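# Structural overview for review
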Amino acid sequence: MSNDIFNIGLSGLNAAQWGLQTTSQNISNASTPGYTVENPVYAEASGQYTGSGFLGGGVDTVTVRRNYSQYLSTQLNNATATSGALSTNYAMASQLSNVVGSPTAGISSAITAYFTGLQNVSNNANSVATRQTALSAAQTLATQLNSAGEQYDQLRTSVNQQLQTAVASINTYSSQIATLNTQIAAASAQGQPPNQLLDQRDQAVASLSQLVGVSVVQNSSGYSVFIGNGQPLVVASQNFKLGTATSQSDPSELAVTYNGLAGATTPPPVEYLSSSALTGGTVGGLLQFRSQTLDPAESQLGAIATSFAAQVNAQNALGIDLAGAKGGNLFTVGSPTVYSNQANTGTATLSVGFANAAQPTSDDYALTFAGGTYTLTDTTTGSVVGTSATAPNGTTPIGGLLLNITSGSMNAGDSFTIQPTRGALNTFALANANPSSIAASAPVLASTPSSNTGTAAITQGTVTAGYQISGTTTLTYNASTGTLSGFQVGTTVTIAGTPPTSIPIVSAATTVPYSAAQGAALTINSTTTPTPAGITNGVSVSISGAPANGDTFTIAPNTGTFDGRNALAMSKLVSNASLNGGTSTLTASYAAYVNNIGNAASQLKAANTSQTALVTQITSAQQSVSGVNLDEEASNLLQYQQAYQANSKVIQTADSMFQTLMGIFQ
Amino acid sequence: MRISTSQFYNQNIQTMDSQESQLATYYQQLSSGTALTTPADNPLAAAQAVQLTMVSATYTQYTTNQNSALTSLQLEDKTLSSVTSTMQSISSEIVRAGDGSLNDSDRASIAKTIQGYRDQLMTLANTSDGAGNYLFSGFQATTQPFTSATGGGVNYHGDNGIREAQVADTRQIATNDSGSSVFLSVPSVGTSPVSAGNATNTGTGLIGRASITNPAVATNGDSYTITFGGTAAAPTYTVTDNTAVPATTTAATAFSASTPIALGTGMQVSITSTPSPGDTFSVTPATASQNSSLFSTIDSVIAALQQPASNNPAATATLSNALTTGLSAFQNSLTNVTVVQASVGGREQELQALQTTTQTNSVQTQSDLANLTGVDMVSAISNFQLTQNALQAAQESFVKIQGMSLFQYIGG
């Protein structure tokens, strides 16, 4: 009998020791990441039949159980993956937002400063000082655009580096999980769960979820881990590697690749993963930032730079510089970037230009060839711009671009990446640092001589691209016929109106009607194209008022340098709606650019904040199951300590019973 | 709910972290005075700020343009005032030269005086601004606009270029007038036709100023020649309209000094004293090229005054006619300068009015911009205070709660 009491007391002591062990383990790991609170599981030991009833056999410590909830942990991992993506994306987007900086300074101010500087030039056209000031504003603009380009490059490099680091960590964790799968299988064979290894494996999955969104399937052989569209990272004891490689379609960017089974003797061909295969986590966030914020923003700013250069150059070409020569280019900017896909098997070389560089598109495109059809896809919006059965030859603009396969041919499956404006920031530069190169003067000067007796006036005249002014044209008004004569033979005079009237000047006797009541806007163009030498082309003047008979108007080349008409015209480009399909000015486009980046950053901030709150909530829920509460442990400590004392008392009692029995014989 | 002790610590730290970062943001706003440092702070306001900054810079530029235009116009105005006063001096000299009691040497000295004034006018016409640009040479700012021509008059080397400054969104204002429009032309309205006698006339006929009897008649702008015929005792005259195509000539009409000669149907002119047969007179429009150049007019007057005329009735008549011609043409030129000066004054007034408007707009834009980007101090300070209090409360309660552990009460 007392033997049984000894045994029962002993089992109680054992159980209390397990309890104290587990409690100390819990207390010591109270702040260990990934630790799951443990409890001893007690069961009543089986009884023994006696005539007086079943005699209890004390307590058994069945196992030490982890308070682990698969459901809550999976939820937490998913939430962590989303949060990881958002926080990475937000961190990068807010860096970009910092790059843009104050909306009241920076590139927009530089553009405005350049244009207002041109008004100063127009006020003082022959002053080298004001020209130099305008040129300095241009230099500032170029520097700011270049530095923006550098910062975009840095952000892209930073994305590439982070991808490399993240992919290396992913490989480490997946290999860890595979190893743990093996160890856990071996350790579990003895019948008790290896709690410490299980904690480690769950912690590895949680860390992996920070880096990339994964789904975990638990089966008899352990955890199987899959990414996006089903590529396995871990299956039982095997892990599969991810890698990074230069993107096939854009050499400036790294793509994530799937490299197959780690340690395979014959590695399978590298598979490029699309961004849809990599959602969530740092990797997902980086890829999303790059494709949805970084690339479009750089293209958008590049479009502004491209349009600015094209507009200013075009207007400068319509003027006369301080040296009296036709205006040349003031700015240079690179043409669209074209990448031939590394996987191309054809020999085609593609060159791409703008149909109208003043209205560049800011989207990116891909030209593909399959099934005898060339397809141009807008990769920013994902829509097909156009298809053709014949190879593009640079004659018909499509999507605002002139595509031309200059040599070779495309094979089926070949593709080209076209980035029309993304390279503009790095290539934007001043073409000419000479202050006299600003073509401030207009090339034409129309006027009335002082001997006119009527009240008619003529505007000073404007020119359009491809203009040519040959000598002085003197127009004479004949009151009896109401006509002007004296236009150069070989030109065609167009009188504005609806519809416009065109009169080819076939001989010196050809006249053009003029009505004093309506006035007339006249455009003189060469009748034949291209314009032959010595024929006036592209000159417009407006005549208003009532001329007297015999009054004359002269249209002559301008030789004066104190003329700022073209500088003024150039400064007015600031309000020229050329971008976004002819609806936005440069400033409005820059405002839209700032707005886009600001929106991206502030939306991500909000999303990130709410996702962080969600993670906190789920963490609390998960920790309420699996976390260590020290008060609870203190109470457990007391409980097990007392259990230990009580069981000791049981043994002491058994002993004293035995002593009492022994005392009978003395 | 069961609380995990480490999660409890973590969560408190997180809360205090976010409150501290909020506090830092408010502090930065308060110390910098800017609420909008990056577009992420307020994307919509950032986009508006870009536009407003441009508008604000544009107004600043308009102010610069207005000042620059005003400077140019004020210089031109001042120069034209000097031109007018010099011309008035010349005018009175010409009137004085018409005094019959003067002898040849008196007139020669008057010619000298006028020559002096002419040189002054020439200097004024070749005025340049502070940067060395000639005021009246159009776009040819570095070319001296006027040089004296041999045989009287001037050569104009400038052009008709008019510089315009952008002084408001839709307003460009001319900041100069070409030399030819100031000194070499006269307006067709507000001026009178110029009468002249041929210098080779042998009679003593004196032509007066043409008077307009009917301003609506189109032929008032034609140029006429009056030719005398008949005999010395009974002179007749014919009037030829040289502008009509072909030229028309009236039938010979008997001349009477007391009857004005009709020029077309809307104009008449008186010829007094005794013209000889063969003598010719002319009446030409003010805008005719021989009448419109100020310098040519002055040079002809000087040349006429230098011709000896004492005791020679024909020469005296020729002098008198030349002075009549000169005075009319000169008055026309004076009218022209006055008209140009009035236009300059008008532009100056417009600029001054625009300066006020631009100033108001500029202030408005600045204040809009400040509203968008600036910190609302009151709300920023109160937010700062609020967050600070919340943080303090969080810290104090954290200290209290973390002290509550069962371990403190057991053992001992």
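Rules of the game
Residues numbered from 1 in each chain as written. Chains lettered and ligands numbered in written order. Predicted model: local features only at pLDDT ≥ 70, side-chain atom pairs only at ≥ 80, totals over all residues. Helix = DSSP H or I, 4+ residues; strand = E, 2+ residues; numbered from the N terminus. Rg over C-alpha atoms; globule rule 2.2 N^0.38 Å. Buried ≥ 20, exposed ≤ 12 C-beta atoms within 10 Å, placed from the backbone. Contact = placed C-beta atoms within 7 Å. Expected span 1.5 Å × (residues − 1). Domains from an automatic or database assignment. Nonpolar A, V, L, I, M, F, W, Y, C, P; charged D, E, K, R; others polar. Axes fitted to C-alpha atoms, helices over the stretch in contact; angles between N-to-C directions. Parallel < 35°, antiparallel > 145°, perpendicular 65-115°, else oblique. Left-handed = near helix turned anticlockwise from the far one by under 90°. Pairing = 2+ DSSP bridges. pLDDT = per-residue confidence, 0-100.

## Side note on the overall build of chain B
Summing up its helical and strand segments, chain B has 8 helices and 15 strands in all. Taken over the C-alpha trace, chain B has a radius of gyration of 41 Å; the compact-globule value for 412 residues is 22 Å, which it surpasses by more than 25%. Dimensions of chain B, computed from C-alpha atoms along their principal axes, come out at roughly 155 × 45 × 30 Å. The proportion of buried residues among the 412 residues of chain B is 40%. Intrachain contacts of chain B at a sequence separation of at least 6 include 68% that bridge at least 24 residues.

## A word on the overall build of chain A
For chain A, the helix and strand inventory stands at 11 helices and 30 strands. Since a compact globule built from 666 residues should have a radius of gyration of about 26 Å, the 41 Å found for chain A marks it as more spread out than a globular shape. Taken across its 666 residues, chain A has 43% of its residues classed as buried.

## A short note on helix 2 (residues 70-100) of chain A
Helix length check: helix 2 of chain A, at 31 residues, gives a terminal C-alpha distance of 45 Å against a target of 45 Å (1.5 Å per residue), a fit within 8%. The first or second residue beyond helix 2 of chain A is G101 of chain A, which carries a positive phi of 70°.

## Quick word on the domain arrangement of chain B
By a frequent convention, interface size equals the accessible area lost on bringing the separate parts together. All names here are of chain B. Along its sequence, chain B is organised into domain 1 (33-192 + 289-373) and domain 2 (193-285). On a C-alpha basis, the centroid separation for the pair domain 1 and domain 2 is 36 Å. In this assembly, 13 residues from domain 1 lie in contact with 17 residues from domain 2. Those elements that place two or more of their residues in the side of domain 1 that touches domain 2 are helix 5 (289-292) and helix 7 (313-373). The dominant element in the side of domain 1 that touches domain 2, judged by the number of residues it contributes, is helix 7, at 10 residues. Of the residues that constitute the side of domain 1 that touches domain 2, the class distribution is 4 nonpolar, 9 polar and no charged.

## Overview of the interface of chain B and chain A
Each partner contributes to the interface: chain B provides 59 residues, whereas chain A provides 62 residues. Secondary-structure elements contributing two or more residues to the side of chain B that touches chain A are helix 1 (5-32), helix 2 (43-97), strand 3 (164-168), helix 4 (179-183), helix 5 and helix 7 of chain B. A total of 15 residues in the side of chain B that touches chain A trace back to one element, the largest contributor, which is helix 2 of chain B. Partitioned by chemical class, the residues of the side of chain B that touches chain A number 24 nonpolar, 31 polar and 4 charged.

## Concerning the packing of helix 4 (residues 128-188) of chain A against helix 6 (residues 281-316) of chain A
All names here are of chain A. Two numbers describe how helix 4 lies on helix 6: the axes approach to 11 Å, and their chain directions differ by 165°. Overall, the two elements helix 4 and helix 6 adopt an arrangement that is roughly antiparallel. Considering the relative orientation of helix 4 and helix 6, their crossing is left-handed. Side by side, helix 4 and helix 6 meet where L145, A148, Y152, L155, R156, V159, Q162, L163 and A166 of the first sit next to T282, V283, L286, F289, R290, L294, E298, L301 and A305 of the second. For the contact of helix 4 with helix 6, the residue count by class is 13 nonpolar, 2 polar and 3 charged.

## Let's talk about the domain arrangement of chain A
Assigned domains within chain A: domain 1 (2-67 + 629-663), domain 2 (73-293 + 586-617), domain 3 (294-320 + 329-435) and domain 4 (444-557). Computed over C-alpha atoms, the centres of domain 3 of chain A and domain 4 of chain A are 41 Å apart.

## Notes on the pairing of strand 28 (residues 520-526) of chain A
All names here are of chain A. Within strand 28, 5 of the 7 residues are buried, which leaves it mostly tucked inside the rest of the structure. Relative to strand 28, strand 25 (residues 491-495) runs antiparallel, the two being bridged by 5 bridges. Within strand 28, the residue paired with T494 across the bridge is T523. One ladder, built from 5 bridges, connects strand 28 with strand 29 (residues 537-544); its direction is antiparallel. By the bridge assignment for strand 29, T523 is matched with S540.

## As for unusual backbone geometry
Of note, the bond from T498 of chain A into P499 of chain A is cis; its omega dihedral lies within 30 degrees of zero at -5°. Of note, P499 of chain A is situated in the loop between strand 25 and strand 26 (501-504). The step from T529 of chain A to P530 of chain A runs through a cis peptide bond, and the omega angle for that step is -5°. Inspection of the secondary structure puts P530 of chain A in the loop between strand 28 and strand 29. Positive phi, normally seen in glycine, also occurs at N580 of chain A, with a value near 55°. Phi at N311 of chain B is positive, roughly 60°, even though this residue is not glycine.

## Details of the sheet that holds strand 8 (residues 238-246) of chain A
Residues and elements named next belong to chain A. Read from one edge of the open sheet, 6 strands run 5-6-7-8-9-10, paired in antiparallel fashion. For this open sheet the edge positions go to strand 5 (214-219) and strand 10 (271-272), each flanked by a neighbour on one side alone. With 2 bridges connecting them, strand 9 (residues 254-261) and strand 10 associate as antiparallel partners. When the bridges of strand 10 are listed, T257 appears paired with Y272. Its contacts with the sheet place helix 4 against strand 6 (222-227), strand 7 (232-235), strand 8 and strand 9, and it is angled at close to 175° to strand 8.

## Here we look at the packing of helix 6 of chain A against helix 10 (residues 586-626) of chain A
Residue and element names in this part refer to chain A. In the contact formed by helix 6 and helix 10, the axes pass within 10 Å of each other and the chain directions differ by 170°. Considering the angle they form, helix 6 stands roughly antiparallel to helix 10. Seen from helix 6, the contacting residues are T293, A297, Q300, L301, I304, S307 and F308; seen from helix 10, they are L586, S589, Y590, Y593, N596, I597 and A600. Residue composition of the contact of helix 6 with helix 10, by class: 9 nonpolar, 5 polar and no charged.

## Quick word on the sheet that holds strand 24 (residues 483-485) of chain A
Residue and element names in this part refer to chain A. Read from one edge of the open sheet, 5 strands run 20-30-23-24-27, paired in antiparallel fashion. This sheet does not close on itself; its edge strands, each paired only once, are strand 20 (444-447) and strand 27 (512-513). With 2 bridges connecting them, strand 24 and strand 27 associate as antiparallel partners. Residue T483 lies in a different strand from strand 27, and its bridge partner there is P513.

## Considerations on the confidence of the model for chain B
Mean pLDDT for chain B: 90, with 100% of residues reaching 70 or above. At the level of chain-chain contacts, confidence expressed as ipTM amounts to 0.84, with global pTM at 0.87.

## Re helix 11 (residues 630-663) of chain A
Count 3.6 residues to each turn of an α-helix, and residues three or four apart come out pointing the same way. For helix 11 of chain A, built from 34 residues, the straight-helix expectation of 50 Å at 1.5 Å per residue is met to within 8% by its first-to-last C-alpha distance of 48 Å. Residues of helix 11 of chain A that are buried: L630, E633, N636, L637, Y640, N647 and A654 of chain A.

## Re the environment of A210 of chain B
All names here are of chain B. Residue position: A210 is located in the loop between strand 6 (206-207) and strand 7 (211-212). What makes A210 buried here is the crowd of 23 C-beta atoms within 10 Å. Placed 27 residues apart in sequence, A210 and F183 show a C-alpha to C-alpha distance of 24 Å. Leave out the neighbours within four places in its chain, and A210 touches S192, P193, S195, L263, M267, Q268, V269 and V283.

## Considering the environment of Q402 of chain B
Examined against the element boundaries, Q402 of chain B turns out to sit in helix 8 (residues 377-402). Separated by 393 residues in sequence, Q402 of chain B and Y9 of chain B have C-alpha atoms that sit 8.4 Å apart.

## Let's talk about the environment of Q210 of chain A
All names here are of chain A. Within the fold, Q210 resides in helix 5 (residues 195-211). Given 22 C-beta atoms within a 10 Å radius, Q210 is considered buried. Along the backbone, Q210 and A81 are 129 residues apart, and their C-alpha atoms lie at a distance of 5.1 Å. Beyond its immediate stretch of four places on either side in the chain, Q210 contacts T80, G84, G281 and T282.

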